Structures are given as C-alpha cells and as structure tokens.
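Chain and residue survey
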Amino acid sequence: MNEAGTLVLAVPSKGRLQENASAFFARAGLEIVKGRGARDYRGALAGLPGVEIAFLSAGDITSQLASGQVHLGVTGEDLVRESVPDADDRLALLTPLGFGFANVVVAVPQAWIDVRAMSDLEDVAAGFRARRGRRMRVATKYVNLTRRFFAKMHVSDYRIVESSGATEGAPAAGQAELIVDITTTGATLEANALKILDDGIILRSQANLVASLPARWSRESLERARVILSRIAAEETARTTREVTAFLPGAPPALFMEAQTLFAARLRFRAEDGRVCLNCPHAQAAALADWLIARGAGHVGVAALDYVFSAENPLYEKLLTRLGPASRRGD
C-alpha cells in the first residue's frame, strides 16, 4: 500500500477487460491515464489527485483486494468466489459493471441423453464406480466453486481433476467424464459435444467494482472513494433515467402522485405557469409521455441526462456499512 491517504484502485492490465473498465470510468467522468506510456503499470485518474491506478491481472486484483493491498478493484465475481474462501468477510461487491459476463457451469457429454440435471449425476457416479472401480472425474479450474456446489446439490461420489489447459476438451481426451468451466455463449461447449445441465449454472458472473475491507482506510482515502462512487452513481442514475417535461397548467397534485405509482416518475419541479419536469426510468419514458398527453399536455419532451448527482450516495453508504462504525470517524 502506498503513502497514507492515497487510494489505490486496481484495474485489469490488458485486453477487453481493461478497455471495458476504462470506458466504464470514462462514462463517469473518471479518465484513467498512464504515467509513462502503454507499458507502465501505474497510473492516475485525471483531475483527481491522491488516487493511484494499479494495472494488474484479474487474479492479482482479487488477491490484493483480499490482502488489503489495494482499496478498490475491478474483477469478476467468479474469481472472488473461487479464490477467496471468506469473500463475504473480506470483500464488498459494491456494484456490477455491465461487462465481463460469463457463467460458471456444469457440462456433461451430449451423449448422456438421460442426464439433464444435477440429481442425475449421483446415479451416474454410482454406476460409474460399479463398472470401472473408480470415481467419476470432474475437470475444472474452479475447484472451490465446484466442491461447494456439488455438496449443495448432494453429489458426492466424484473426484476433481484440476485443469491447466482447455477444460472443455478434457472429456474427449479421456481426462475426465464431465467439466465445470466458464462460458459466455456456450458455443465452445457445444463444439466439444458438451451440454449444460438444466440446473448446472453455478454462478452468473460479471465484472464488479469491489472494495477491500482489510485495506487501510484513512479519512483521505475514504473521501476519495466517496468522490469516485458519487460519480459512478451519478452516471448510472443518468443512464437509466429520462427527464420528461410538459406544460400542464392547473394539474392537480394527485396527477403526479398517480404518475409516481404508475411509472415510478418523480416530480422534479412544477412552475407557476404550468411547466413540469419529472424523472422516470428509461423504459417508462414513452408510456409516461403518452399518459401526460392523454391528460392535457400538448407536447412532451424526453431528454437523456449526463449525470444525476444526489445528496444520497448509495454506493458510498454501502462501503461505509461494510467497513463498520470506525469508517465514519475516519479511523
């Protein structure tokens, strides 16, 4: 960890994840910059002093969050759940980021036509041991997730073969009978004559903004986290919200209460000349506009917003809650 007060934010060091992370922060007005060129592994947030960017692999981000060496990081929930046994005690998943989607799944050969669910695997395992004198093998890189999920689903007669290469090829190569692997579309599994069990999705993962609970949180680093999380929340609210304006002279207050009930619309202001402005979820904007026209509005404007800042900062409050009472004193 760097000098006291510096907040360290870890982001993926390369590839699509780095591009997506940079785009995510840029949408929130937080531009990630590198100090000395494309190969530099330290950077900053433009215009926000006291924040250091650490460019790391996704696996290293997870381990450094768990050990408290970085304050915030962008990593997949699959890595968190697999590599940090006490993840809920050491890490706070503050918000999903909308990229890096993938599922950790149980997949078996398509030729197993009678095996559709996890409950079928115990019967398969018993038959396999009776015929071959050994336990059914499961190839995976996700050892901990596999063990927890199989125990939850009451499948016990198996052994794990840790995979170091292309896991989906293990059954065809005779290295395992089935696999647990990560997939985005399922196309690679299908190409290897594998199918996902109906109840075999262990985890629906995506990239998350994660906070380290054992990190050293000073008053200064907390304030920098507050600023970052405020901007992220403001962009997220704006992206999912539309501003709806209309001219409705003489409209009764009950009209806007009904709009809130029907469309989750919040009245932002109401001028004496009849001009009104409401905010509503993006998906409800067109329906709200039609509804207002039916109630006397001649024209209704719907506008996208860049940011919606609020005195309430739910992401920061979530962080403070997880850090505990000392964080509110800046200890």
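Bear in mind that the values here come from a model prediction, so they are computed numbers and not experimental data.

1. What about the nonpolar core?
Counting 37 residues, the largest nonpolar core has Leu9, Phe25, Leu45, Val74, Leu209, Ile232 and Leu319 as its most contacted members. At the level of secondary structure, the elements contributing two or more residues to this core comprise strand E1 (7-12), helix H1 (15-27), strand E4 (51-56), strand E5 (72-76), strand E6 (91-96), strand E12 (207-212), helix H8 (219-239) and helix H11 (314-323). A total of 7 residues in this core trace back to one element, the largest contributor, which is H8. Setting aside its immediate chain neighbours within four residues, Phe25 contacts Leu9, Val11, Leu30, Ile32, Val74, Leu209 and Ile232. Val104, Leu121, Tyr142 and Ile202 belong to the second largest nonpolar core, which has 24 residues in total.

2. Some thoughts on the sheet that holds E4
As summarised here, the arrangement of the 7 strands in space is E2-E3-E4-E1-E5-E12-E6, forming an open sheet in which the pairing is mixed. Looking at which strands have only one partner, the edges of the open sheet turn out to be strand E2 (32-34) and E6. Strand-to-strand twist in this sheet, taken as the mean axis angle between neighbours without regard to direction, amounts to 35°. Of the pairings in the sheet, the one linking E6 to E12 comprises 5 bridges and is antiparallel in character. Within the sheet, the bridge partner assigned to Ala92 lies in E12 and is Ala211. In this fold H1 packs onto E1, E2, E4, E5 and E12, with an angle of close to 135° to the strand it touches most, E1. Taken strand by strand, H11 contacts E6 and E12, and its axis lies near 165° from that of E6.

3. A few points about helix H6 (residues 143-152)
Taken as a whole, H6 has its buried residues at Val143, Leu145, Thr146, Phe149 and Phe150. Buried residues along H6 cover an arc of 160° about the axis, so they all sit on one side. Exposed residues lying more than 90 degrees from the buried face of H6 are Ala151 and Lys152. A positive phi of about 60° marks His154, the residue just after H6.

4. Section: the pattern of salt bridges
On inspection of all chains with the given rule, the structure shows 11 salt bridges. As a salt-bridge pair, Arg137 and Glu177 come within 2.7 Å of each other at their nearest N and O atoms. Taken as a pair, Arg137 in strand E8 (residues 136-140) and Glu177 in the loop between strand E9 (158-162) and strand E10 (178-183) lie far apart in primary sequence, 40 residues in all. Across the pair, Glu177 and Arg137 agree in class, each one buried. We note a salt bridge from Arg226 to Glu223, for which the minimum N-O separation is 2.7 Å.

5. A short note on the packing of aromatic side chains
The final tally for this structure, using the stated rule, is 4 aromatic pairs. In this structure, Lys34 packs its charged tip against the face of Phe55, placed 4.5 Å from the ring centre.

6. Some points on the side chain of Glu82
Within the element layout of this structure, Glu82 appears in helix H3 (residues 77-83). Despite its burial, Glu82 pairs with no opposite charge, the nearest such side chain being Arg148 at 5.3 Å. A distance of 2.9 Å separates a polar side-chain atom of Glu82 from the backbone nitrogen of Leu145.

7. Quick look at unusual backbone geometry
Apart from glycine, the bulk of residues carry a negative phi angle, and the bulk of peptide bonds sit in the trans form. Phi angles above zero are rare outside glycine, and His154 is one such case at about 60°. The residue His154 is located in the loop between H6 and E9 in this model. The phi angle at Ala193 is positive, at roughly 60°, despite the residue not being glycine. In this structure, Ala193 sits in the loop between helix H7 (187-191) and strand E11 (194-205). Judged by relative accessible area, which is 38%, Ala193 ranks as partly exposed.

8. Details of the environment of Glu122
Tracing the chain through its elements places Glu122 in helix H5 (residues 118-132). In contact with Glu122, other than residues within four places in its own chain, are His154, Val155, Ser156 and Asp157.

9. A short note on the side chain of Thr146
Counting through the fold element by element, Thr146 comes out in helix H6. Note on Thr146: relative accessible area 0%, which makes it buried. Filtering out sequence-adjacent residues up to four positions away, Thr146 remains in contact with Val138, Thr140, Tyr158, Ile160 and Val180.

Conventions used here
- Residues numbered from 1 in each chain as written.
- Predicted model: local features only at pLDDT ≥ 70, side-chain atom pairs only at ≥ 80, totals over all residues.
- Heavy atoms only, no water.
- Core = buried A, V, L, I, M, F, W, Y, C linked by side-chain atoms within 4.5 Å.
- Buried < 20%, exposed > 50% of the residue type's maximum accessible area, 1.4 Å probe, protein only.
- Helix = DSSP H or I, 4+ residues; strand = E, 2+ residues; numbered from the N terminus.
- Contact = heavy atoms within 4.5 Å.
- Pairing = 2+ DSSP bridges.
- Axes fitted to C-alpha atoms, helices over the stretch in contact; angles between N-to-C directions.
- Arc of directions from axis to C-beta.
- Salt bridge = Lys/Arg side-chain N within 4 Å of Asp/Glu carboxyl O.
- Phe/Tyr/Trp six-rings, centres within 6.5 Å; stacked < 30°, edge-to-face > 60°.
- Lys NZ or Arg CZ within 6 Å of the ring centre and 35° of its normal.
- Lys, Arg positive; Asp, Glu negative; His and termini not counted.
- Polar contact = N/O pair within 3.5 Å; in protein donor to acceptor, adjacent residues only side chain to side chain.

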